[in-house]
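One-letter residues, chain by chain:
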Amino acid sequence: MNLRWLVLVLAFGGVAAAHEQPGEQAAEAPRAQSARLRLTIPGFSDGGTIPLPFTCYAEGGKVISPALRWTNVPEATRSFVVIATGPENHRRRSHTVAFFWGRWNIPAAARELAEGQPRGLEQPDGSRQMESDDAIVGYDPPCAPPGAGPIHYQFKLYALDQMLPLPSNATRDAVMQAMDGHIIGASTYYGVLERLPQR
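Remember, it's a predicted structure, so these values are computed and weren't measured experimentally.

(A) Geometry of the overall build of the chain. A tally of regular secondary structure across the chain gives 2 helices and 9 strands. Reading the chain from its N terminus to its C terminus gives the helix and strand order α-β-β-β-β-β-β-β-β-α-β. When each of the 199 residues of the chain is scored for burial, the buried share is 34%. Counting only contacts in the chain whose residues sit at least 6 apart along the sequence, the fraction spanning at least 24 positions is 71%. Carbon together with sulfur atoms contributes 53% to the accessible area of the chain, which is approximately 12100 Å² in total.

(B) Main features of the packing of aromatic side chains. Counted according to the given criterion, the structure contains 6 aromatic pairs. Residues F44 and F155 carry aromatic rings whose centres are separated by 6.3 Å and whose planes lie at 55 degrees to one another, so their mutual orientation is tilted. Placement of F44 in the loop between strand 1 (38-40) and strand 2 (48-49) and of F155 in strand 8 (residues 151-160) is noted, with a sequence separation of 111 residues between them. Looking at F44, the relative accessible area reads 6%, which means it is buried. Pairing W70 with F80 gives two aromatic rings, centres 5.2 Å apart and planes at 55 degrees, and the pair type is tilted. Placement of the pair is W70 in strand 3 (residues 68-71) and F80 in strand 4 (residues 79-90), with a sequence separation of 10 residues. In this structure W70 comes out as buried when scored by relative accessible area, which is 2%. Given the relative accessible area of 0%, F80 is considered buried. Within the aromatic cluster, the residues linked to one another by ring pairs are F44, F54, F155 and Y189.

(C) Molecular detail of the pairing of strand 5 (residues 97-107). Burial of strand 5 is extensive: 10 of the 11 residues sit out of reach of the surface. Pairing geometry for strand 5 and strand 7 (residues 128-129), over 2 bridges, is antiparallel. Following the sheet pairing, R103 is matched in strand 7 by Q129.

Criteria and cut-off values
Residues numbered from 1 in each chain as written. Predicted model: local features only at pLDDT ≥ 70, side-chain atom pairs only at ≥ 80, totals over all residues. Heavy atoms only, no water. Helix = DSSP H or I, 4+ residues; strand = E, 2+ residues; numbered from the N terminus. Buried < 20%, exposed > 50% of the residue type's maximum accessible area, 1.4 Å probe, protein only. Contact = heavy atoms within 4.5 Å. Areas by Shrake-Rupley, 256 points an atom, 1.4 Å probe, with all protein chains shown as cover. Phe/Tyr/Trp six-rings, centres within 6.5 Å; stacked < 30°, edge-to-face > 60°. Pairing = 2+ DSSP bridges.

Set out below in structure tokens:
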């Protein structure tokens, strides 16, 4: 009699364990994440050569900014910031890298900046542009000196959970400080510029 009860207990225990295992495995399965913010520049490949019209070597000095496009925007996005820098150029021997372009409070509904953005502080979409290291308010083109070898330039897009409450003439440092604690997505894209010495 005792042996029969033991067999029944073991049998029911095995069935219960079999039913629990799928649930336990499901609970331990990693949760799927949404795709990350992604910046692209149609004018050149990521890590590729920057075409001359986007640089200080543009024919006739007719420089234009490259088009920027982005996808996979976080749902909580309220504005975007674009920053273009030269991460290999350290001005004044400090940790601060060369700064070529900054635009902030780009509307959350935006998914691109068209090629050839105008210079100036206030833009038609309500966004603002910062002053570059060369005191240009707007796109300041990369300008690798001849013989320096390939130099990398970084374009970085930030998604923020708010519009930045700053004056229209805010500096790069002020914008970066105001962004702190509000970045919910970011994506980088690189271009390379090299000019050979003329013989």
